[in-house]
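# Notes for the structure review
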Amino acid sequence: MRLRKVKNLEQRMERFRGGLLLEPKPLVFADIFGNQQPVVAEFGTGRGEFILMMARRQPELNFLGVERVDSVLIQAMEKVEGETNLRYLRANVEDLDDVIQESSLSGLYLNFSDPWPKKKNRKRRLTHRGYLERNDRWLQEHSMVQLKTDSKTLFAFSIEEISQTGHMLEDVTLDIAQSPAYEDNIQTEYEERFTAEGHPIYALRYHSKKVKL
Ligand SMILES: C[S@@+](CC[C@H](N)C(=O)[O-])C[C@H]1O[C@@H](n2cnc3c(N)ncnc32)[C@H](O)[C@@H]1O
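Residues numbered from 1 in each chain as written. Predicted model: local features only at pLDDT ≥ 70, side-chain atom pairs only at ≥ 80, totals over all residues. Heavy atoms only, no water.

Time to look at the overall build of the protein chain. The number of helices and strands found in the protein chain is seven helices and eight strands. For the protein chain, the C-alpha radius of gyration of 17 Å lies close to 17 Å, the compact-globule estimate for 213 residues. Expressed as a percentage of the 213 residues in the protein chain, the buried residues total 47%. Once local pairs closer than 6 in sequence are excluded, the contacts in the protein chain between residues at least 24 apart make up 75%. A total accessible area of about 11300 Å² is found for the protein chain, and carbon and sulfur atoms account for 48% of it. Of the side chains in the protein chain, 32 bear a positive and 33 a negative charge, and the two mean positions are spaced by 6 Å. (Helix = DSSP H or I, 4+ residues; strand = E, 2+ residues; numbered from the N terminus. Rg over C-alpha atoms; globule rule 2.2 N^0.38 Å. Buried < 20%, exposed > 50% of the residue type's maximum accessible area, 1.4 Å probe, protein only. Contact = heavy atoms within 4.5 Å. Areas by Shrake-Rupley, 256 points an atom, 1.4 Å probe, with all protein chains shown as cover. Lys, Arg positive; Asp, Glu negative; His and termini not counted. Charge placed at Lys NZ, Arg CZ, Asp CG, Glu CD.)

This is the structure in structure tokens:
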């Protein structure tokens, strides 16, 4: 993602601390949202259009957007218009072990995750088996994970990793626009751009599996 310099970033972030913006410490969702609704996360939420639309569409769920870059996150937070079922966490997904509690998530979206095209960086891909195993810990059993990408490399790699870790692939498509399984799809910022450029969008789903504690 090309990063623009954002004016008064610190001051603008400050406005959201303790409210929309969570601190990276152990998260007790019932306290944070003030209710027991299921919590669905998006890792690498970017400028936040997708998760905001999801929060508006499904008020019966709570949503958590995780993004590591402040200058991007601020743009997501400044779009929010009082939605009470949405929070953001500025963090690297790598560092969430002590932050997200076991079995506390009910769904996960991975939208246009960085593809890390060089093989030597494959462990950084958010669908590397190390991440998939952690997702299984954070998710309740049989929660849905959905991935969308324009990257053939990341898609093929994800299929391999998801299968190899004992998950069943579902709704695999090489063109989301042609797949009835995604007819209620909400496009992300990246997706809008790639679609306008004529690139097909690949997508898949799988369900988390039980973790032995
Ligand atoms: C290619 S952009 C996609 C943004 C958005 N999901 C979309 O589809 O428009 C990837 C985003 O994921 C964030 N990201 C990548 N790796 C991350 C990680 N390990 N932890 C948190 N955020 C990450 C990047 O900062 C970037 O904003």
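Time to look at the site of the ligand. Around the ligand sit 17 residues in total, of which Gly44, Glu67, Asn92, Asn111 and Thr188 are the nearest. Here Val93 contributes a backbone N or O atom positioned 2.9 Å from a nitrogen atom of the ligand. One of the side-chain N or O atoms of Thr188 is found 2.7 Å from an oxygen atom in the ligand. Compared with its free state, where it exposes 590 Å², the ligand has 95% of that area covered by protein. Taken together, the residues of the shell around the ligand sort by class into six nonpolar, six polar and five charged. (Near = heavy atom within 4 Å. Polar contact = N/O pair within 3.5 Å; in protein donor to acceptor, adjacent residues only side chain to side chain. Nonpolar A, V, L, I, M, F, W, Y, C, P; charged D, E, K, R; others polar.)

The subject of this paragraph is unusual backbone geometry. With a phi angle near 55 degrees, Ser103 is a residue other than glycine that sits in the positive phi range. Relative to the helices and strands, Ser103 resides in the loop between strand E4 (86-90) and strand E5 (105-111). Backbone geometry at Phe112 places phi at a positive 55 degrees, although glycine is not the residue there. Within the secondary structure layout, Phe112 lies in the loop between E5 and helix H5 (129-138).

In total, this model carries 14 salt bridges according to the counting rule given. A salt bridge links Glu189 to Lys79; its shortest N-O distance comes to 2.8 Å. Residue Glu189 is located in helix H7 (residues 189-196), and its partner Lys79 is located in the loop between helix H4 (70-77) and E4; the two are separated by 110 residues in the primary sequence. One salt bridge connects Asp97 with Arg137, and the closest N-O pair in it is separated by 3.5 Å. Here Asp97 is found in the loop between E4 and E5, whereas its partner Arg137 is found in helix H5, with 40 residues between them in sequence. Bridged by salt links that share partners, the residues Glu10, Glu14 and Arg17 form one connected network. (Salt bridge = Lys/Arg side-chain N within 4 Å of Asp/Glu carboxyl O.)

Attention now goes to the nonpolar core. The tendency in soluble globular proteins is for nonpolar side chains to be buried as a group. Formed by 30 residues in total, the largest nonpolar core has its most connected members in Phe43, Leu64, Val66, Leu89, Val93, Leu96 and Leu105. In this view, Leu96 contacts Phe43, Val66, Leu89, Ala91, Arg134 and Trp138; residues no more than four positions away in its chain are not counted. Ranked by size, the runner-up nonpolar core spans 22 residues in total, among them Phe50, Ala55, Ala76 and Leu86. (Core = buried A, V, L, I, M, F, W, Y, C linked by side-chain atoms within 4.5 Å.)

On to the pairing of strand E2 (residues 39-43). Burial within E2 is extensive, with five of its five residues counted as buried. Of the two faces of E2, the one lined by Val39, Ala41 and Phe43 and the one lined by Val40 and Glu42 are each fully buried. As paired strands, E2 and E5 are joined by three bridges and run parallel to one another. Across the sheet, the residue bridging to Ala41 is Leu108, located in E5. (Pairing = 2+ DSSP bridges.)

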